[in-house]
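Survey of secondary and tertiary structure
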Amino acid sequence: MVEAQVHPAGHESALALSLHGAVKTFGPVVALAEGTIEIRPGEIHALVGENGAGKSTMVKILAGVYHPDAGRFEVEGAPAAFRSVAASKHAGISVIYQEPTLFPDLTVAENIFIGRQPKGGLGLISKAQMRQAAHELFDQLGVPIDPARIAEGLSIADQQIIEIAKAISLDARVLIMDEPTAALSGVEVDRLFSVARGLRDQGTGVLFISHRFDEVFGLSDRITVMRDGHYISTHNTKDVTIEDIVREMVGRDVDQLFPKELAPIGEPLLTVAGLSRVGVFRDIDLTVRSGEIVALAGLVGAGRTEVARAIFGIDPYDAGTVEFLGKPLKAHDAQVAINAGMGFVPEDRRKQGLVMDLPVSRNVALTLRRQLARFGLIHGATERAVAAEWSARLQVKTESQQYAVSTLSGGNQQKVVLAKWLATEPKLLIVDDPTRGIDVGTKADVHKLLSDLAGQGIGILMISSELPEVLGMADRVLVMHEGRMTAELSRDEATAEAVMHAATASLEVAQ
Amino acid sequence: MSVTTPPAVHRETEKPSPVRALGGALRGREMPVLLALVVLVGVTYIANPVFLNPQSVKDLLLNSTIMILLAVGQTLLIITRNIDLSVGSILGLVAFMTGTLFATNPGIPIPLVFIAGMTFGALLGAINGMLVTAAKVPALVITLGTLYIYRGLNNAWAGGTQYFADDRPESFGNLSVNTILGFPVITLVAIVVVIIMAIYTVSTRPGRDLYAIGSDPDAAMLLGIPVRRRVFLAFATNGLLVGLAGVLYASRFNSVGAMTGSGIELNVVAAAVVGGVAIFGGSGSVIGAALGAVLLTTITSALTATRVDKFWQQAIVGVLILAAIIIDRVARLRTAKRLRVSEARDV
């Protein structure tokens, strides 16, 4: 353990918030063994650690969701013991969670102001004032979201922005952001960071949790590292390197990213020509060959997921053709795509990739119901055997195949989704942000797995918002911007600058 | 969630006006219900003009009154993803208590009976609320249990006893006879309740919390909305309204006994669903539920007026429920598409 508390001169102001030796157990499971953090007013403090290190548990203690079993908790020098989320909010602590927590049936404006809607005459809520205030927030953030629309159907990036608007309107003294950038890219991240810096300059203490080191180092003033539920160290960001932090996080040296191994590239598996959907994407051409990893890069909202969904047959398209294995693929019929040998690992694994309350085995076998069934009935033992085999191959870490998937960590959940599709022995796999919100160790596992699959001749179409992942993994990079393809780059041509340029700039510049 | 709103963004020019607020309320899920009601009344009137004479209209309103109160109360719960199936039993108990109070205490002031009935109803509703929020068992199961328990109590208490209109003071019965501006007094009571509850659910913070809870209970918890307290209070308020309905039942109908109100709970849920209240919570309105209650009652009367077989009445209610769900689904898909296209234009 490296104990490196730093108190540089001129920074001896009172702490906005401090937590020392917090413990939280759930039955026999120790979620947090020693939670320690000190946040100063006017600093951006990064909290890093692998998934399962106890970061989220600690955040929930600070937010008043969990009550620690032991530990000392102080807010602005006064002891604090929050009995509820409302109490924590009242004390000036605002939290943006990893998964946006919006109400789909309510309007955007109401989502921001729920529980504290502005009142007009007679003490009744004034919708006009509420929308006006939401407008002002969005103008401040520079985003064109209509406050009067309902939240249902908003992209994750927009949902995140609404969460940020909510936190800003709360005028928080401590703002905690639990992986706010996991679903954002490029412009959104920059916007979020300028907002965070603005808040810091106004004296807000910002706690920032992220798995992206470029962000951690670009944004934070100090970094606290956690591992296996324990506090490890706190550093001034300018005094340490990425390697130092990674070593402390994992307790060993690791390659940050697993680059794709060279595999023989074969015949085209998937050929898409002129694919269009009104208002969503236009004139999309792409080819994926066997053994090839093709990255679909671009900003969130560029239409990448929508293209993938249309190819796989989840959504309809208006024009264009999709050919798979030399034959036209029926539009808007995912079952046909699955039967033909396509797999789809969705972006939002909790909602679209898994049945969270079902056991691991049942989830893995979900795509195999036909094959496993005899006379329409599924034989439980066969199902478990097949599931166990695939879970083992992908090294899914769970004590029992019969535990609900919801009990697994994010990385292991992603492995279950992958196992589910690999069990169908696909020829082409579409993966949408496969390492979103996954810790460094498991991330490397997933990358290695994708590389191995390509080595076996499977074609992979990978949507990714993380530039290092795109550059490290892809044989070819396709870049989308506002529903159109703006660049196709070979592995050699694909540099960070080239991809970002195509993702943000206009068509002419990219070509 | 208005479906027919143009995609144009309302900017700062927007000013609150009662007319626009009413328009907004009627644009959404309530509109199809209101339309169906108008068409139904129109067609029935053409087939049988007697349908709209003053006495028929008065009967229609009287018949709707109790159902309106029950549907409004139930809506508070359905919005939060809960339900109370014991409302028929609560209504029976309160109605029988009302009969008992008048029969055993001649000269008891009528307001006191109202207060007693509503308090008793609120207590029974609060018991449901306590069980649901403490036991964390779905309300469907809890209230199915209390449905039988409350009915059992009613049976044990009443036995074979029935109280008739003669046992109650004339002025109490007159609440269902006298009219103001053509509306029976008890109907006016129900209308006032609808207005109060509509304001509560649309324009107060605790009222909006109900929608948030039904839309995403976990998110509501994380945001510090007092979920349990709100749900408990919704159950108690529903009980209170059922209690009011129970007292009015005793005014409106001749006899109250052990089986009063039994089987009514599914009609109540049907009224709310037909009125556009989403059974999975988070959306729907009190006014819609009240319109749904009127619509279901009117159908019964209309089919009787046009001499349609009783059997068809139930089948038509079923068709309406399915229609309500399909309309809701189609509206949602259209909204999603509209948002998609308008967003593409914004970019």
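Residues numbered from 1 in each chain as written. Chains lettered and ligands numbered in written order. Predicted model: local features only at pLDDT ≥ 70, side-chain atom pairs only at ≥ 80, totals over all residues.

From N to C terminus, chain A includes 19 helices and 22 strands. Per-residue burial over chain A gives 50% buried out of 511 residues. Counting only contacts in chain A whose residues sit at least 6 apart along the sequence, the fraction spanning at least 24 positions is 69%. (Helix = DSSP H or I, 4+ residues; strand = E, 2+ residues; numbered from the N terminus. Buried ≥ 20, exposed ≤ 12 C-beta atoms within 10 Å, placed from the backbone. Contact = placed C-beta atoms within 7 Å.)

Here the focus is helix α6 (residues 139-158) of chain B. Residues and elements named next belong to chain B. Spanning 20 residues, α6 covers 27 Å between terminal C-alpha atoms, matching the ideal 28 Å at 1.5 Å per step. A139, I142, T143, T146, L147, Y150, R151, N154 and A158 are the residues of α6 that are buried. Down the axis of α6, the buried side of the element spans an arc of 160 degrees, and every buried residue falls inside it. Within α6, the exposed residues directed more than 90 degrees away from the buried face are V141, Y148 and A156. Buried residues belonging to α6 abut α4 (87-104), α5 (110-135) and α12 (264-274). Just downstream of α6, G159 is the residue with a positive phi angle, here 55 degrees. (Expected span 1.5 Å × (residues − 1). Arc of directions from axis to C-beta.)

Turning next to the confidence of the model for chain A. Predicted coordinates in regions of low pLDDT should not be interpreted in detail. All names here are of chain A. Mean pLDDT over chain A stands at 83; residues scoring 70 or higher make up 91%. Note that pLDDT drops below 50 for residues 1-12; the model gives that stretch 15 contacts with residues more than four away or on any other chain. When the criterion is pLDDT under 50, residues 506-511 qualifies, and its contacts beyond four places in sequence or with other chains add up to eight contacts. (pLDDT = per-residue confidence, 0-100.)

Looking now at the nonpolar core. Most often, soluble globular proteins have nonpolar side chains that are buried together. Residue and element names in this part refer to chain B. If you look at the biggest cluster of nonpolar residues, it comprises 162 residues, and the most contacted ones within it are A71, V72 and A290. Among the elements that make up this core, the one with the highest residue count is helix α11 (residues 227-252) (13 residues). In contact with A71, not counting residues within four places along its chain, are V268, A271, A272, G275, A289, A290, G292 and A293. (Core = buried A, V, L, I, M, F, W, Y, C linked by C-beta atoms within 7 Å.)

This next bit is on the environment of A:G483. Tracing the chain through its elements places A:G483 in the loop between β21 (476-481) and β22 (484-490). Under the C-beta neighbour-count criterion, A:G483 is labelled buried, with 22 such atoms within 10 Å.

All names here are of chain A. A sheet is described by the order of its strands in space; here six strands give the open sequence β16-β19-β20-β13-β21-β22, paired in mixed fashion. The sheet is open, and its two borders are formed by β16 (342-345) and β22, each paired with just one other strand. The average undirected angle you get between the axes of adjacent strands in this sheet is 15 degrees. Sheet topology note: the strand β13 (residues 293-298)/β21 ladder contains five bridges and is parallel. Pairing of L296 across the sheet is with L478, part of β21. Contacting β13, β16, β19 (428-432), β20 (459-463) and β21, helix α9 (residues 304-312) crosses the sheet at an angle of about 150 degrees to β19. (Pairing = 2+ DSSP bridges. Axes fitted to C-alpha atoms, helices over the stretch in contact; angles between N-to-C directions.)

Right, let's get into α9(A). All names here are of chain A. Counting buried residues in α9 gives nine out of nine residues, a clear majority hidden from the surface. All of the buried residues along α9 are R304, T305, E306, V307, A308, R309, A310, I311 and F312. G313 lies just past α9 and shows a positive phi near 95 degrees.

All names here are of chain B. Taken over all residues, the pLDDT of chain B has a mean of 86, while the share at 70 or more is 88%. Within the model, the stretch residues 1-23 combines pLDDT values under 50 with 23 contacts to residues more than four positions away or in other chains. Interface confidence for the predicted complex, given as ipTM, is 0.80, next to a pTM of 0.69.

Residues and elements named next belong to chain A. Spatially, the four strands line up as an open sheet ordered β12-β11-β14-β15, and their pairing is antiparallel. Each edge of the open sheet carries a strand with a single partner, namely β12 (281-289) and β15 (327-328). Where strand β14 (residues 319-324) and β15 come together, two bridges link them in antiparallel fashion. Bridge pairing in β15 places E323 opposite P328. Sheet strands in contact with α9 are β11 (268-277), β12 and β14, and its direction is about 115 degrees off that of β11.

So, about the pairing of strand β7 (residues 174-178) of chain A. As a general feature of sheets, a regular strand has side chains that alternate between the two faces. All names here are of chain A. Counted residue by residue, β7 has five buried out of five residues, so it is predominantly covered. Burial along β7 is two-sided: V174, I176 and D178 facing one way and L175 and M177 facing the other are all buried. Summarising the sheet, strand β6 (residues 93-96) and β7 pair through four bridges and their orientation is parallel. Looking at β7, one finds that I96 is bridged to M177. Here β7 runs beside strand β8 (residues 205-209); their pairing, made up of five bridges, is parallel. Each residue of the ladder has a partner; that of M177, found in β8, is F208.

Here we take up the packing of α4(B) against α11(B). Residue and element names in this part refer to chain B. For the pair α4 and α11, interaxial distance at closest approach is 8 Å and the crossing angle is 50 degrees. The pairing of α4 with α11 is recorded here as oblique in orientation. For the crossing formed where α4 meets α11, the hand is right-handed. Where α4 approaches α11, its residues V87, I90, L91, V94, A95, T98 and G99 are matched on the opposing element by G239, V242, G243, A245, G246, V247, Y249 and A250. Of the residues that constitute the contact of α4 with α11, the class distribution is ten nonpolar, five polar and no charged. (Parallel < 35°, antiparallel > 145°, perpendicular 65-115°, else oblique. Left-handed = near helix turned anticlockwise from the far one by under 90°. Nonpolar A, V, L, I, M, F, W, Y, C, P; charged D, E, K, R; others polar.)

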